[in-house]
Amino acid sequence: QVQLVESGGGLVQAGGSLRLSCAASGRTFSRYSVGWFRQGPGKEREFVGYISWSSGSTYYADFVKGRFTISRDNAKNTVYLQMNSLKPEDTAAYYCAADQYGSSSYNSVRGYAYWGQGTQVTVSS
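Conventions and cut-offs
Residues numbered from 1 in each chain as written. Predicted model: local features only at pLDDT ≥ 70, side-chain atom pairs only at ≥ 80, totals over all residues. Heavy atoms only, no water. Salt bridge = Lys/Arg side-chain N within 4 Å of Asp/Glu carboxyl O. Buried < 20%, exposed > 50% of the residue type's maximum accessible area, 1.4 Å probe, protein only. Disulfide = S-S within 2.5 Å. Helix = DSSP H or I, 4+ residues; strand = E, 2+ residues; numbered from the N terminus. Pairing = 2+ DSSP bridges. Phe/Tyr/Trp six-rings, centres within 6.5 Å; stacked < 30°, edge-to-face > 60°. Axes fitted to C-alpha atoms, helices over the stretch in contact; angles between N-to-C directions. Core = buried A, V, L, I, M, F, W, Y, C linked by side-chain atoms within 4.5 Å. Contact = heavy atoms within 4.5 Å.

**Let's talk about the pattern of salt bridges**
- Per the counting criterion, the structure on display carries 4 salt bridges.
- The shortest N-O distance in the salt bridge between Asp62 and Lys65 comes to 3.1 Å. We note that Asp62, like Lys65, is exposed.
- When salt bridges that share partners are traced, they join Arg38, Glu46, Arg67 and Asp90 into one network.

Structure representation (structure tokens):
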């Protein structure tokens, strides 16, 4: 089992950057694939990006390609979401999620067994 805690959210102007962190407990975090999702007001939770447990391969939603980057530091049990060129439409609560070894449902909320509590990102215009 793993517990996840996100941090790094806040208020930023359009065009600015933030780096979110997802810190995990547990000694086997390196075996977990991690996804980032977001949920804006009145919207469904949507996939942002993913990093695999094995090769560190990453996949992104089209609307963040070229702006967001996911990385991981298994020694620190932490996954990062670097967000650049932020837009007001990026305003949302951001969640990290983990699943041991990952699955083909990496871009779906159904693909993850563990979730963090979320961190709010607000981008002002």
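Next comes the rest of the description.
**As for the state of the cysteines**
- Going through the model one piece at a time under the given rule, you end up with 1 disulfide.
- The residue that forms a disulfide with Cys22 is Cys96, at a sulfur-sulfur distance of 2.1 Å. Because the sign of the S-S torsion sets the handedness, a value of about 70° for the bond joining Cys22 and Cys96 places this disulfide among the right-handed ones. One end of the pair, Cys22, is in strand S3 (residues 18-24); the other, Cys96, is in strand S9 (residues 92-100), and 74 residues separate them in sequence.
- Look at Cys22 and you get buried, because its relative accessible area is 0%.

**Here's the deal with the pairing of strand S1 (residues 4-7)**
- Burial along S1 is one-sided: the residues Leu4 and Glu6 are buried and none of Val5 and Ser7 is.
- Alignment of S1 against S3, held across 4 bridges, turns out to be antiparallel. When the bridges of S3 are listed, Val5 appears paired with Ala23.

**Here's the deal with the packing of aromatic side chains**
- Tallied over the entire structure, the rule returns 10 aromatic pairs.
- Taken together, a centroid distance of 5.7 Å and an interplanar angle of 70° make the contact between Phe37 and Phe47 edge-to-face. A residue pair is termed long-range when its members are at least 10 positions apart, and Phe37 in strand S4 (residues 32-39) and Phe47 in strand S5 (residues 46-51) qualify at 10 residues.
- Classification of Phe37 by relative accessible area gives buried; the value is 1%.
- Look at Phe47 and you get buried, because its relative accessible area is 12%.
- With a centroid separation of 4.9 Å and 40° between ring planes, the pair formed by Tyr50 and Tyr106 is classed as tilted.

**What to know about the sheet that holds S1**
- Read from one edge of the open sheet, 4 strands run S1-S3-S8-S7, paired in antiparallel fashion. A single partner strand is all that each edge strand has here, and the edge strands are S1 and strand S7 (68-73). Strand-to-strand twist of the sheet, defined as the mean angle between neighbouring strand axes without regard to direction, takes the value 15°.

**Details of the nonpolar core**
- Judged by nonpolar contacts, the single largest core of 33 residues is most densely connected at Trp36, Leu81, Met83 and Tyr94.
- Going through the elements one at a time, S3, S4, S5, S7, strand S8 (78-83), S9 and strand S11 (119-124) are the ones with two or more residues in this core.
- Ranked by residue count, the leading element in this core is S9, at 5 residues.
- If we skip the residues at most four places from it in the chain, Met83 touches Gly16, Ser17, Leu18, Leu20, Arg67, Phe68, Tyr94 and Val121.

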